[in-house]
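The primary structure of each chain is shown beneath.
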Amino acid sequence: MHRAEQVLYAAMFVMPISGYLYVMAGGYGVNLFGAVELSNPIGERESLAIVAKWTHILSGYALLLALAGHVGLVLRHQLILKDGLLHRMLPGRRADR
Ligand code: HEM
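Residues numbered from 1 in each chain as written. Predicted model: local features only at pLDDT ≥ 70, side-chain atom pairs only at ≥ 80, totals over all residues. Heavy atoms only, no water.

Visitor: Sorry if this is basic, but what is going on with the site of the ligand here?
Guide: Neighbouring residues of the ligand: M15, P16, G19, Y20, Y22, V23, V30, K53, H56, I57, Y61 and L63. In this structure, an oxygen atom belonging to the ligand sits 3.2 Å away from a side-chain N or O atom of Y22. Taking H56, its side chain carries an N or O atom lying 2.8 Å from a nitrogen atom of the ligand. Only helix 1 (3-25) and helix 2 (46-81) provide two or more residues apiece to the shell around the ligand. With six residues, helix 1 is the largest single contributor of residues to the shell around the ligand. Partitioned by chemical class, the residues of the shell around the ligand number nine nonpolar, two polar and one charged. (Near = heavy atom within 4 Å. Polar contact = N/O pair within 3.5 Å; in protein donor to acceptor, adjacent residues only side chain to side chain. Helix = DSSP H or I, 4+ residues; strand = E, 2+ residues; numbered from the N terminus. Nonpolar A, V, L, I, M, F, W, Y, C, P; charged D, E, K, R; others polar.)

Visitor: Could you clarify how one ought to interpret unusual backbone geometry in this entry?
Guide: Of all residues except glycine, most have a negative phi; of all peptide bonds, most are trans. With phi around 50°, F33 is a residue other than glycine that occupies positive phi space. Note that F33 resides in the loop between strand 1 (31-32) and strand 2 (36-37). Judged by its relative accessible area of 83%, F33 falls in the exposed class. Positioned with a positive phi, K82 is a non-glycine residue whose angle comes to about 50°. Residue placement: K82 occurs in the loop between helix 2 and helix 3 (85-89). (Buried < 20%, exposed > 50% of the residue type's maximum accessible area, 1.4 Å probe, protein only.)

Visitor: Quick question: what am I supposed to make of helix 1 here?
Guide: Since one α-helical turn is 3.6 residues long, residues separated by three or four positions face the same way. In this model helix 1 runs 31 Å from its N-terminal to its C-terminal C-alpha over 23 residues, within 8% of the 33 Å that 1.5 Å per residue would give. Taken residue by residue, helix 1 has A4, L8, A11, M15, S18, G19, Y22, M24 and A25 as its buried positions. Packed against the buried residues of helix 1 are helix 2. Taken from the residues just after helix 1, G27 is the one with a positive phi, measuring 80°. (Expected span 1.5 Å × (residues − 1). Contact = heavy atoms within 4.5 Å.)

Visitor: Before we go on, may I ask you to explain the environment of Q6 in this structure?
Guide: With respect to the element layout, Q6 can be found in helix 1. Sequence-wise, Q6 and A66 are 60 residues apart; in three dimensions their C-alpha atoms are separated by 8.8 Å. Separated by 3.0 Å, the side chains of Q6 and R3 make a polar contact.

As structure tokens, then:
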């Protein structure tokens, strides 16, 4: 697995978890569609909110870089190497074709 893919997978977990921790520990809460207020199982904790906020912001930038790297890699395979990588990423295709 390429480094960009590892970062994409990590971001898939780190982003929503750190975002949730930030708004809960920061005491902002989550309101779904202006109708349902989610309960706060963490309680307000300033230091956790700061760590979660910076984790969220920095992993957001890491995600952006990994996305750009991933798109660049796929374009290189598709346009220069012409090995059908994009075809293999599409649903319904086998990895060995
Ligand atoms: C896959 C999920 C998520 C992605 C990709 C994502 C991405 C981002 C990005 C790129 C930013 C801007 C960071 C910056 O200031 O440079 C941001 C900010 C923020 N996100 Fe998320 N986020 C996700 C999930 C969540 C969740 C689940 C919550 C809360 C329930 C959340 C709450 C926030 C908040 C409050 C900010 C503002 C941070 C600030 O004070 O600057 N995010 N998010």
